[in-house]
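Observations on the three-dimensional arrangement
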Amino acid sequence: MTPTVYVHIPFCETKCPYCDFNSFAVQGRDVDGYLAALSEELDRRPPPPDPPTLFIGGGTPTVPRPEQIDRYLGDLLRRLRPDPAREFTVEANPGSLTAEKVAVLAAHGVNRVSLGAQSFLDRHLKTLGRVHSAAQIEEAFRLVRDGGIDNVNLDLIFAVPGLDLRDWLYTLDCAVALQPEHLSCYALIFEPGTEFHARRQRGLMHALDEEDELRMFRFTERRLRHAGWQRYEISAFARPGKHCRHNLGYWRNEPYAGYGAGAFSYLDGERCGNERHLERYARAVHERGDAFVSHERLEGSRAAAETIFLGLRTRYGVRLDSVGERHGIDAQREFAPVVTRLREQGLLRRGEPLRMTRRGWRVADTVSSAFL
Amino acid sequence: MRLDQFRNFCIIAHIDHGKSTLADRLLLRTGVVTKREFRDQILDVMDLERERGITIKASAAQLPHAGLTLNLIDTPGHVDFSYEVSRSLHACEGALLLVDCAQGVEAQTVANAYMAVEAGLELVPVLNKIDLPGARPDLALEQLQAGLGFSPDEVLRVSAKTGEGVDGVLQAVVERIPPPEGDPDAPVRALLYDASYDDYRGVITYVRVLDGELKKGMRVRFLATGVVREVQEVGIFQPKPKAVATLGAGNVGYVVANIKTLKDVHIGDTLASATDDAAEPVPGFKEPQPLVFCGIYPASTQDIQELRRAIEKLHLNDASFTFHPESSEALGFGFRCGFLGPLHMEIVQERLERESGVEIIQTAPNVTYEVLRTDGQEVRIERPSELPESNYIEEFREPIVRTQMLMPPDAIGALMTLCNERRGKFVKQEYLGPTRVILTYDLPLAEIVVDFYDLLKSATRGYGTMDYELVGFQASDLVRLRILVSGTEVDALSVIHHREDAQRRGREVIMALRKTIPRQMFDIALQAAIGGKVLARETIKALRKNVTAKCYGGDVSRKRKLLEKQKEGKKRMRHVGNVAIPQEAFLAVLDRREERKKK
């Protein structure tokens, strides 16, 4: 199977206090130097010429200047065969997107934009440390549409401290009103290493009550279903036919080639992580031809368990027979006791493929970890 | 050798009062060890003993002095080994009563002194550590006078550390301690006062010869067990074992007699000639009775064989603890172990973990109970699950220990409150001068098993000491406190408890469980009950939401590892019905300190 391609642009205007991605405030950073290293990595470790999907993530890929965006997109596409039908996503921040940048994206064949909207309430945007306002989300959305890109995702965050169910439904309604093709609704995670996590540890910030969070999770599904979006993964909702093919590749445990600082690749059954530090990344690429600092290869049951753990995140689930075939084990037999138990607990549906029940979704980690 | 050539004596002292240092000093002074060999605490052989500053296994040393043979018999230092102490005392005619004059008289000093007087020993009081700047010999002297009736001029003063006054000690041993009595020409009779196990030679028994003589090749009978063996070797301690041709009346030494395990010998037994049917046993022999029991389980179920090997090995060296395989629904396979007392329990556990490397889970300890059934039958109960249904119980008895606590007078109030909380019955209060009080209570052993000593220490800011002896079994209003998790009784958590206190205890256990059992996919009901009557209940609410919102390319490995880690933790849990209980829950139940802090 041909790997998909991911490219990481690790710059943002400011670092959001909840974000644990490999990203840095762009002020004072050597963006050109980084883009040169990225180009060198693409040279030394060439991507497959016909990847099924492309995804530029970050950070904020639209933070660099238009000519810089033009340069890295050109550097990437130069190495690929043109394919207008290929899903090509770029992440963007409503605060830094301009008509000029949208034009650059469109000129390179970008056909999907993922906007980090997060909330339509300015006070929540402030809590989250976002640099944009609610009004700017709508402006950015129009810029994308006007630029001819007709597949748009909005990222939204719920379970933010200080957010109640009504606030969240307001945000959902605003998002629905814009009629994007795709919505990603994430519950806030206090990731270790983030400012939010540190604040919670010190007792300065409190996670939302579990019942409230659960209510938001349930209402999200109901509200969006009625409006025509289907949940196809724990946090992902799409209009018919508009699910994100790139992300589905991750959840099907399919191969991908990642470029840039901190990007991961999963090639020939091996998952490798790039150096996260920008200068060290550039030096590694230059000296070694790659920037891998971690390698992991799973075999047999562990590999199979990972495929199941990822597949169960989606509404399509996983087929045990194909998992078994792929990883060379008798998955039906191996996982039979776990499957039986989870079905008895009402967390897995009966029959193939294995799929979580509505109840299973909200405790997906418990369900997944049963296979690990 | 004539009987009047011997002086047999021991040193009795409270922990850390310098017993081993004095013993070593005596060895050095009499030339048994050279200065080069001299190192601290030669008589203590085990690391663990040295760390804890106590002697577990009695040993002996022969000291030549002024043309005489002085046998120094080392006694175990702790209360749980009081029977062993009493047997060692019976091998002596006298004892040095050693008191650290910076610390003064302590609970064990008093208890051991009483025991020595009861055994008919001549006591020589010795004040140690007179060289210390904080020494208060006057206070210690006053306590010896007031508490034990010594006159000031019979008290010796030494510094075992510097050697000052040690000659006076040797002189007192010769002059004040009477030589042994016995008949060298009578048929042989010897008191077995201790034993140890040697990997190569099997059991080595330590004996005091009362009459006649022991020699290689003779056949001896152990009167209590009836076992007959041929003597392979007799010897003395210098302090290393040294074979000799004969061991005569009045002397102390060892016998090797082809005994494979310590189970075959009993401390306090009498050795006699195999052909002497009329031999009289030395009085006072008792089968050691374990008083405290707990379950010991491997933390990982697959370590059961390793744990078994470790227990068997340890048992070779310490036959005074007992073990039987048992299985618990919650903990799987393990062992029910019996101990002489709480300290003995602690020592055995520590040695097990240290010497085997197997991590163990210990269940809540319980004491031995006696139950008189309605059919007139008396049974001993070693674990809560053996208890008959309440309507078959005529009388339920628990062991009572007379507990002596020594402390500064300002701690009396706190100690009395503690003893009353623990169902103690006041016996008496005596002053040993203005700075020391002995408080005597009869307490249920069950009440002092877990944490009493720690509480005593904190109530007296570290100055209090205690000692206790079993006085018997008394009827008490005891119940089996059942702990149920989702309706299933967890055998490893159920305990026998006094009815009045059962509700509080039940609540403590339930709260400890609530804190340690993680939320699961369903509500978990925790109950403490007597019979069918629920005393306390709590619910652990079902896990409602547990989902990672984001999982993309770079997250996959990290998220999977996080989940694997959770899963690993879960694997180590024990299952009761469908509820997973972590090991900490079993330990949390033991630790009552946290609950108390809140009070």
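What counts as what
Residues numbered from 1 in each chain as written. Chains lettered and ligands numbered in written order. Predicted model: local features only at pLDDT ≥ 70, side-chain atom pairs only at ≥ 80, totals over all residues. Heavy atoms only, no water. Helix = DSSP H or I, 4+ residues; strand = E, 2+ residues; numbered from the N terminus. Buried < 20%, exposed > 50% of the residue type's maximum accessible area, 1.4 Å probe, protein only. Contact = heavy atoms within 4.5 Å. Areas by Shrake-Rupley, 256 points an atom, 1.4 Å probe, with all protein chains shown as cover. Core = buried A, V, L, I, M, F, W, Y, C linked by side-chain atoms within 4.5 Å. Pairing = 2+ DSSP bridges. Axes fitted to C-alpha atoms, helices over the stretch in contact; angles between N-to-C directions. Phe/Tyr/Trp six-rings, centres within 6.5 Å; stacked < 30°, edge-to-face > 60°. Lys NZ or Arg CZ within 6 Å of the ring centre and 35° of its normal. Polar contact = N/O pair within 3.5 Å; in protein donor to acceptor, adjacent residues only side chain to side chain.

For the rest of this paragraph, the subject is the overall build of chain A. Counting its regular elements, chain A contains 15 helices and 14 strands. Within chain A, the proportion of its 372 residues that are buried is 58%. In chain A, the share of contacts with a sequence separation of at least 24, taken over all contacts with a separation of at least 6, comes to 69%. Carbon and sulfur atoms make up 48% of the accessible area of chain A, which amounts to about 15,400 Å² in all.

A word on the nonpolar core. In terms of nonpolar packing, the biggest core is built from 123 residues, with F335(A) and F371(A) touching the most fellow members. The greatest single-element share of this core, amounting to seven residues, is contributed by helix α6 (residues 165–178) of chain A. Not counting residues within four places of it along the chain, the set of residues in contact with F335(A) comprises S301(A), A304(A), A305(A), I308(A), L320(A), I329(A) and F371(A). Residues I381(B), L445(B), L456(B) and Y468(B) belong to the second largest nonpolar core, which totals 48 residues.

Next up on the list: the sheet that holds strand β10 (residues 219–222) of chain B. All names here are of chain B. If you trace the eight strands from one edge of the open sheet to the other, you get β11-β10-β16-β7-β8-β15-β12-β13, paired in antiparallel fashion. A strand with exactly one partner marks an edge of an open sheet, and here the two such strands are β11 (228–230) and β13 (241–244). If you compare each strand with its neighbour and ignore which way they point, the axes differ by 40° on average.

As a further point, take the packing of aromatic side chains. Taken as a whole and judged by the stated rule, the model has 20 aromatic pairs over all chains. Arranged with centres 5.8 Å apart and planes meeting at 45°, the rings of Y256(A) and Y266(A) form a pair that is tilted. Of this pair, Y256(A) sits in strand β11 (residues 256–259) while Y266(A) sits in strand β12 (residues 264–267); the two residues are 10 residues apart in sequence, bridging distant segments of the chain. On the accessibility criterion, Y266(A) (9% relative accessible area) is buried. An aromatic cluster of at least three residues, connected via ring pairs, comprises Y232(A), Y250(A), W251(A), Y256(A), Y266(A) and Y552(B). It is R271(A) that lies over the ring of Y266(A); its NZ or CZ is 4.3 Å from the centre. The cationic tip of K550(B) hangs over the ring face of Y186(A); the distance from NZ or CZ to the ring centre is 4.6 Å.

Moving on to the side chain of E538(B). All names here are of chain B. As for its placement among the helices and strands, E538 is situated in strand β32 (residues 533–540). Overall, E538 belongs to the buried group, its relative accessible area being 16%. Among the polar contacts made by the side chain of E538, one reaches the side chain of R507 at a distance of 3.4 Å. In terms of polar contacts, E538 uses its side chain to reach the side chain of R514, at 2.9 Å. Excluding anything up to four places from it in sequence, E538 contacts R507, I510, M511, R514, I524, A525 and L526.

So, to be careful, I would describe these as geometric facts and stop short of saying anything about function.
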